[in-house]
Structure formats: structure tokens, C-alpha cells
Amino acid sequence: MKTRRMDYHVHTLFSYDGEQSVDEMCRRMLDLGVEEVCLTEHLDLGHPDEECQGIPAWDIWEREIRYCSQKYPMLKIRRGIEVGDKAECREEIKKYVAAYAWDYILLSLHLVDNVDPYNKDVFFQGKDRKACYARYLETIADTVTHYDDFDSLAHIGYISRYAPWSDEEKPVRYEDYRDAVDCILRSLIERGKCLEINTKGYTEDTFVPDESIIRRYLALGGELFTFGSDGHTTIQDYHLVETAKARVRELGGKYQVAFHGRKPEIYLI
Ligand SMILES: [Zn+2]
Ligand SMILES: [Zn+2]
């Protein structure tokens, strides 16, 4: 079994917040020696912020992918989607996602009680750290148990990117929320879903989930990881992925997964 340089969480101009074209992203990835990327444009149906509701123009996206796949044959480009959950919209979301032939479906949660922590001033206003992290994890537990049609769970700890606390207090740690984290991890492991290591952390050189959660996933028998930079610009592409891989290897992680037509392809980390 071989290892591979892959980035399984990337956004381009087709995402409402993407700032790189598919072509720019490909060139940057090739400069970094990346062999495979998976585009994971946003689908955030029912997001309360209007600018986040934009849906990628999939037909043009498809054309771009074909063009770049021919232009850069040494880079495998996969077709993925980052599906943002919202309880009230689940039927609509599932129907939408089922209508396309994805290589990879990344399940994610950006909303807690219908507010995106990205809106720091509203979200964290007057909130206690423990209570708001607990609510965040309970919501992810609910998300995970209500979907089956996905391959990996994105960025547990997304909330810490925008949290107003000190760097020491920012991480969402296993020890503080054992029940909710166990519920999420067990649900993934039982169904053979991957845990995403997302290298856009709460500082330039941190990643999520916190190592305590990765350790717990491994202790419960979890083996499958995906790695993604969540790059929205060329500067962010593949940033810290090799560092995160080295750390997960040290913790005992062995396998990273690629997907083609929703079928897993296993590589060493
Ligand atoms: Zn996300
Ligand atoms: Zn993303």
C-alpha cells in the first residue's frame, strides 16, 4: 500500500466564498506536489445568511473540471460536495444531493441554532464556552445520526476558528464533552465513515479536530481519515496537510481515503 499527497477539502470560485479558479488551484497543487484533489464546493441550503445560499453552477463547474483534467493529467481531480446540514431542510438537502453523481460527499455543520459561528458577534454574544461547545457537539451528533449518504464528517471543531477565547481555551477537547463526542465517533465508526482532519484550525498552524478527539477515534477502533486544507485561496491549498498527516501517524493513524464514484480507495497516511 502506498501513501499519496491528496487534498480532500478545497473550494473554488464556484463556492460563494471561494477565491481561486479551478485552474489556479490546480497549478498551485501541482507546485506543491499534490497528486489528487477533491473539490468540495458548498451546499448550504437554508443558511440564514443570504450570501451563503448560493448554489454552484454545476454545469460550468463540470466543464472546468474536464478542461483542467486534460490540461493537467498528472493531477486527479475529483467531484465532491460539502453538504451543510440544517435540520429543517434535510429532506430538500438529501433530494438535492441524491440527484448528482459525486465522487465524494463531505457532511458538515455550520449552523448551531440557526446561527453560523462565523458571525462571531452574534453567535458568541453573552455565551459561556462550555455551554456553547456542548450545544455545538450535540448538534453535530444530531446531524451525523440523520444522514447516511456521506463519506466523511468535516471539521469537528469548526466553531473554534471563530471563538473569542484564548488560544488555550479555543480547542474543542474530548475530555470536556465525552458523551457527545463518543456518540459522533461511534456513529461514524459503526458505518465505516471517515473522520476528516481539516487543516484550517484556529491559528495558522493548528488543525481540527483536537488531538484528544483523534486519539479517542483511534481508541474506539476508528481507522479511516480524510485530509483537507479547506483552501479557499491558493495560499491555503494543502497548507499544513503533511504536518497534520505526520501528527496523526504519530498518534497511531494508518489510513487515508480517496473516493472515486463514492468508492473508497485506501492509502497509507
Ligand atoms: Zn465547512
Ligand atoms: Zn469547506
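Residues numbered from 1 in each chain as written. Chains lettered and ligands numbered in written order. Predicted model: local features only at pLDDT ≥ 70, side-chain atom pairs only at ≥ 80, totals over all residues. Heavy atoms only, no water.

**Student:** Describe the layout of surface pockets, and please don't skip the residues or the numbers.
**Tutor:** Reported here for the largest pocket is a volume of approximately 390 Å³. Lining the largest pocket are 25 residues, and of these Y16, D17, Y118, Y162 and H232 sit closest to its centre. The residue makeup of the lining of the largest pocket, split by class, is five nonpolar, ten polar and ten charged. (1 Å grid on protein atoms, 1.4 Å probe; cavity = no way out; pocket = protein on both sides within 12 Å on 5 of 7 lines; lining within 4 Å. Points joined across faces, edges and corners; volume = space filled by probe spheres on them. Nonpolar A, V, L, I, M, F, W, Y, C, P; charged D, E, K, R; others polar.)

**Student:** Which residues make up the coordination of the zinc ion (ligand 1), and what values go with them?
**Tutor:** At 2.0 to 2.2 Å from the zinc ion (ligand 1) lie its protein donor atoms, namely E82 (OE), H110 (NE2) and H155 (NE2). Here the zinc ion (ligand 2) and the zinc ion (ligand 1) are spaced 3.4 Å from one another, each receiving a donor from E82. Of this pair, E82 sits in strand β3 (residues 76-84) while H110 sits in the loop between β4 (104-108) and α4 (120-123), and the two are 28 residues apart along the sequence. Comparing E82 with H110, the two get one shared label, buried. (Donors = N, O, S within 2.8 Å, 3.2 Å for Na, K, Ca; no water. Helix = DSSP H or I, 4+ residues; strand = E, 2+ residues; numbered from the N terminus. Buried < 20%, exposed > 50% of the residue type's maximum accessible area, 1.4 Å probe, protein only.)

**Student:** Before we move on, can you summarise the packing of aromatic side chains with the specific residues and values?
**Tutor:** The description of an aromatic ring pair rests on the distance of the ring centres and on the angle between the ring planes. Tallied over the entire structure, the rule returns 16 aromatic pairs. Here Y118 and Y162 contribute two aromatic rings whose centre-to-centre distance is 5.4 Å and whose plane-to-plane angle is 80 degrees, an arrangement assigned as edge-to-face. Taken together, the residues span a long stretch of sequence, with Y118 in the loop between β4 and α4 and Y162 in the loop between β5 (152-153) and α6 (178-190) at a distance of 44 residues. By the ring-pair criterion, three or more aromatic residues cluster together here, those being W58, W61, Y96, Y100 and W102. (Phe/Tyr/Trp six-rings, centres within 6.5 Å; stacked < 30°, edge-to-face > 60°.)

**Student:** Describe in detail the pattern of salt bridges, supporting the description with residues and values.
**Tutor:** Side-chain pairs of opposite charge can arise where the charged atoms are in close proximity. Scanning the entire structure with this criterion turns up 26 salt bridges. The closest approach of N and O atoms between R4 and E36, which form a salt bridge, is 2.9 Å. Here R4, found in the segment before β1 (6-10), pairs with E36, found in strand β2 (residues 36-43); they are 32 residues apart in sequence, far enough to count as distant. Per residue, the accessibility class of R4 equals that of E36, and both read buried. R135 is the partner of E138 in a salt bridge, and the nearest nitrogen-oxygen pair spans 3.7 Å. A residue pair is termed a helical-turn pair when its members lie 3 or 4 positions apart in one helix, as E138 and R135 do in helix α5 (residues 129-145) at three residues. Classification of E138 as partly exposed rests on a relative accessible area of 44%. When salt bridges with common partners are traced through the structure, they connect R4, E35, E36 and R78 into a single cluster. (Salt bridge = Lys/Arg side-chain N within 4 Å of Asp/Glu carboxyl O.)

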